[in-house]
Amino acid sequence: MNTFESSPTLSDAPSTNRWSNSGAADPDVLRPSAQPEARQPAASPLQARQSASVQSTDQVDPRRWRGSLLAGAVADALGAPIESKPMDQIREVFGPHGITGLVPERDGIGGITDDTQMTLFTGEALIRAHARQRRAGSSDVRYSTQLAYQRWLHTQGVPWEKARGPRNPTAVPDGWLMGVPGLFKRRAPGATCFFALKGYGQTGEMGTFTHTLNNSKGCGGVMRAAPAALWSDDPAAVFEIGAMTAALTHSHPSGYLPAGALAVMVHTLVRGGSLADALAACRAQLYRWNGHEETTAALDAAVDLSGRGAPTPEKVGTLGGGNVGETALSIAVYSALATNDLNAALLVSVNHDGDSDSTGAVCGNLVGALYGEDAIEPTWLAQLEMREVVEAMAADLLAEFGPRPPADDRWATRYPND
Ligand SMILES: [Mg+2]
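Cut-offs used in this document
Residues numbered from 1 in each chain as written. Predicted model: local features only at pLDDT ≥ 70, side-chain atom pairs only at ≥ 80, totals over all residues. Heavy atoms only, no water. Helix = DSSP H or I, 4+ residues; strand = E, 2+ residues; numbered from the N terminus. Buried < 20%, exposed > 50% of the residue type's maximum accessible area, 1.4 Å probe, protein only. Contact = heavy atoms within 4.5 Å. Areas by Shrake-Rupley, 256 points an atom, 1.4 Å probe, with all protein chains shown as cover. Expected span 1.5 Å × (residues − 1). pLDDT = per-residue confidence, 0-100. Donors = N, O, S within 2.8 Å, 3.2 Å for Na, K, Ca; no water. Lys, Arg positive; Asp, Glu negative; His and termini not counted. Salt bridge = Lys/Arg side-chain N within 4 Å of Asp/Glu carboxyl O. Polar contact = N/O pair within 3.5 Å; in protein donor to acceptor, adjacent residues only side chain to side chain. 1 Å grid on protein atoms, 1.4 Å probe; cavity = no way out; pocket = protein on both sides within 12 Å on 5 of 7 lines; lining within 4 Å. Points joined across faces, edges and corners; volume = space filled by probe spheres on them. Nonpolar A, V, L, I, M, F, W, Y, C, P; charged D, E, K, R; others polar. Core = buried A, V, L, I, M, F, W, Y, C linked by side-chain atoms within 4.5 Å. Axes fitted to C-alpha atoms, helices over the stretch in contact; angles between N-to-C directions. Parallel < 35°, antiparallel > 145°, perpendicular 65-115°, else oblique. Left-handed = near helix turned anticlockwise from the far one by under 90°. Phe/Tyr/Trp six-rings, centres within 6.5 Å; stacked < 30°, edge-to-face > 60°. Lys NZ or Arg CZ within 6 Å of the ring centre and 35° of its normal.

Side note on the overall build of the chain
For step 1, the next point in the chain: Summing up its helical and strand segments, the chain has 18 helices and zero strands in all.
For step 2, the next point in the chain: The buried share among the 418 residues of the chain stands at 60%.
For step 3, the next point in the chain: In the chain, once contacts between residues fewer than 6 apart in sequence are set aside, the share between residues at least 24 apart is 79%.
For step 4, the next point in the chain: Accessible surface, the chain: about 14,700 Å² in total, of which carbon and sulfur atoms supply 50%.

The following block contains the structure:
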């Protein structure tokens with residue numbers, strides 16, 4: 001383990017359970033036998049920021065990591081045209097199997113949504129916090145993430161002086177993402193994210209695990225959390241950072257715990273783990289948190305359903321609509337477990353009545369990390385909006401969190417402090 005912030009130490013963290021590393025999607029194998037008593041981590045990697053060591057890792061498979069971000073974006077674009085459309089209507093328009101490929105816009109491009117936009121800003125935030133730690137010896141990753149989301153808010157039409165918040169003296173929003181015109185397109189941003197961040201712009205009040213802003217468990221937290229997978233070699237720290245990014249806007253545990261869960265699953269997969277490994281790692285962290293029951297039950301439901309034959313949109317529908325955190329995670333995990341192919345998983349994850357772009361984005365983060373970028377249907381990748389931006393962010397995250405992070409002026413301009 002090598003984090004620049006200490007991780008929580010819990011005496012009652014689960015030491016063993018029956019989530020095996022077999023790789024089989026067998027519900028009897030994958031279901032835990034008992035749940036230890038939950039508690040909120042007492043010490044937080046967010047609170048101790050004085051450690052001199054900076055985390056890096058060379059254990060990440062770059063093809064799996066790039067696959068995670070790219071497949072997330074591809075599935076976001078796959079699901080975008082059918083978001084919240086009833087399956088009957090989807091079949092009427094696209095045929096009996098529903099959507100079977102990217103539906104390009106008039107310019108031939110498959111458009112991403114706020115899910116991918118915000119994922120890019122999560123990545124930017126983590127790089128900026130980590131680089132600041134290297135340069136200045138201290139950082140506040142929560143604040144860096146808040147400010148990155150305030151920049152996203154600005155891209156969605158809120159003037160910078162209203163978006164930046166009372167503590168930020170920056171006259172104009174900085175960093176390279178601000179120079180990407182495509183990010184300024186409005187793609188139906190989620191109301192919870194939008195209004196929570198607008199509130200920060202006015203008051204400077206940050207949402208945390210203990211300082212709640214609302215009671216939302218919308219899927220806007222989990223859909224943007226994948227970059228937290230690279231934050232640390234320690235799954236507990238990865239979980240907490242992932243959950244932290246979501247708690248800035250979503251105060252219900254089922255709004256932020258699925259984000260931690262996704263981050264830990266991706267963390268496991270990009271290091272070569274199987275889906276069973278990822279589920280076991282995620283479950284081990286979830287148990288430690290108050291309010292995990294809905295999320296763990298949603299994972300149970302996904303595992304159970306995956307043992308019941310071939311996937312159908314109707315089966316997916318029994319897991320929920322994916323518009324809240326735990327069901328978005330559940331549909332994504334089910335789609336991964338019920339298929340043996342990245343692209344098949346993405347199609348399962350978007351063809352249902354619910355929040356198709358978000359369930360797709362989360363599923364893409366998982367199966368991209370499982371199968372790697374080479375498994376993504378090339379014609380979909382070729383049509384993906386801002387493919388090069390997603391690839392650049394994936395590469396930058398690998399560089400910053402790798403063994404030799406850049407220290408040149410170009411990097412400091414690309415990723416300024418805070
Ligand atoms: Mg969306």
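Now that the structure is up, let's keep going.
Some points on helix H13 (residues 325-337)
Side chains of residues three or four places apart in an α-helix project in the same direction, reflecting 3.6 residues per turn.
For step 1, the next point in the chain: Taking 1.5 Å per residue, 13 residues should reach 18 Å; H13 reaches 18 Å between its end C-alpha atoms and fits that length.
For step 2, the next point in the chain: In terms of burial, H13 is a largely internal element, 13 of the 13 residues being buried.

Here's the deal with the confidence of the model for the chain
For step 1, the next point in the chain: Averaged over all residues, the pLDDT of the chain equals 89, while 86% of them reach at least 70.
For step 2, the next point in the chain: pLDDT under 50 marks residues 1-29. Its contacts with residues more than four places away, or in other chains, come to 87 contacts.

Some thoughts on the coordination of the magnesium ion
For step 1, the next point in the chain: Within the first shell, the magnesium ion binds the protein through Thr-113 (OG1), Asp-114 (OD), Asp-115 (OD) and Asp-357 (OD), at distances of 2.0 to 2.5 Å.
For step 2, the next point in the chain: Between consecutive donors of the magnesium ion, the numbers of intervening residues give the motif T-D-D-x241-D. Of this pair, Asp-114 sits in helix H4 (residues 114-136) while Asp-357 is found in helix H15 (residues 356-371), placing the two residues 243 residues apart along the sequence. Each member of the pair, Asp-114 as well as Asp-357, carries the same accessibility label: buried.

Concerning unusual backbone geometry
For step 1, the next point in the chain: Phi angles above zero are rare outside glycine, and Met-386 is one such case at about 55°.
For step 2, the next point in the chain: Its identity is not glycine, yet Asp-418 carries a phi of approximately 55°, on the positive side.
For step 3, the next point in the chain: Within the secondary structure layout, Asp-418 lies in the segment after helix H18 (409-414).

Looking at the side chain of Asp-114
For step 1, the next point in the chain: Among buried Asp, Glu, Lys and Arg side chains, Asp-114 stands out as unpaired, with Arg-224 the closest opposite charge at 8.0 Å.
For step 2, the next point in the chain: At a separation of 3.1 Å, a polar atom in the side chain of Asp-114 contacts the side chain of Thr-113.
For step 3, the next point in the chain: Within the structure, the side chain of Asp-114 is placed 3.2 Å from the backbone nitrogen of Gly-190, a separation counted as a polar contact.

Remarks on the environment of Arg-164
For step 1, the next point in the chain: As for its position among the elements, Arg-164 is in the loop between helix H6 (160-163) and helix H7 (191-203).
For step 2, the next point in the chain: Sequence separation of Arg-164 and Gly-201 is 37 residues, and the distance between their C-alpha atoms is 5.6 Å.
For step 3, the next point in the chain: Residue contacts for Arg-164: discarding those within four places in its chain leaves Leu-147, Gln-150, Pro-169, Thr-170, Ala-171 and Tyr-200.

Overview of empty space enclosed by the protein
For step 1, the next point in the chain: Here the structure, examined in full by the defined rule, presents one cavity of 30 Å³ or more.
For step 2, the next point in the chain: When its volume is computed, the largest cavity comes out at roughly 80 Å³.
For step 3, the next point in the chain: Secondary-structure elements contributing two or more residues to the lining of the largest cavity are helix H2 (62-79), H4 and H15.
For step 4, the next point in the chain: Residue contributions to the lining of the largest cavity peak at four residues, all from H4.
For step 5, the next point in the chain: The class makeup of the residues in the lining of the largest cavity is six nonpolar, four polar and one charged.

Side note on the nonpolar core
For step 1, the next point in the chain: Counting 119 residues, the largest nonpolar core has Trp-65, Val-333 and Leu-346 as the members making the most contacts within it.
For step 2, the next point in the chain: In this view, Trp-65 contacts Val-60, Ala-226, Pro-227, Ala-229, Leu-230, Val-266, Val-270, Ala-394, Leu-397 and Leu-398; residues no more than four positions away in its chain are not counted.

Here we look at the packing of helix H9 (residues 253-270) against H15
When two helices pack together, their arrangement is given by the angle between the helix axes and by the axis-to-axis distance.
For step 1, the next point in the chain: Remark: H9 packs on H15, axes separated minimally by 8 Å, with the N-to-C direction vectors making an angle of 20°. As summarised for this structure, H9 and H15 are arranged roughly parallel, according to the angle between their axes. Crossing hand, H9 versus H15: left-handed. Across the interface between the two elements, Leu-262, Met-265, Val-266, Leu-269 and Val-270 of H9 pack against Val-362, Asn-365, Leu-366, Ala-369 and Leu-370 of H15.
For step 2, the next point in the chain: For the contact of H9 with H15, the per-class residue count stands at nine nonpolar, one polar and no charged.

So, the packing of aromatic side chains
For step 1, the next point in the chain: By the definition in use, this model includes six aromatic pairs.
For step 2, the next point in the chain: Pairing Phe-209 with Tyr-256 gives two aromatic rings, centres 5.0 Å apart and planes at 50°, and the pair type is tilted. Taken together, the residues span a long stretch of sequence, with Phe-209 in the loop between H7 and helix H8 (235-247) and Tyr-256 in helix H9 at a distance of 47 residues. Of the two residues, Phe-209 and Tyr-256, neither departs from the other in class, the shared state being buried.
For step 3, the next point in the chain: Judged by centre distance (5.0 Å) and plane angle (70°), the ring pair of Phe-209 and Trp-289 falls under edge-to-face. In this pair, Phe-209 is assigned in the loop between H7 and H8 and Trp-289 in the loop between helix H10 (275-286) and helix H11 (293-306), connecting sequence segments 80 residues apart.
For step 4, the next point in the chain: Using a relative accessible area of 15% as the deciding quantity, one classes Phe-209 as buried.
For step 5, the next point in the chain: A network of ring pairs unites the aromatic residues Phe-209, Phe-239, Tyr-256 and Trp-289 as a single cluster.
For step 6, the next point in the chain: Positioned over the ring face of Tyr-143 is Arg-167, at 3.9 Å from the centre of the ring.
For step 7, the next point in the chain: Here the guanidinium or amino end of Arg-414 rests over the ring plane of Trp-176, the centre of that ring lying 4.0 Å away.

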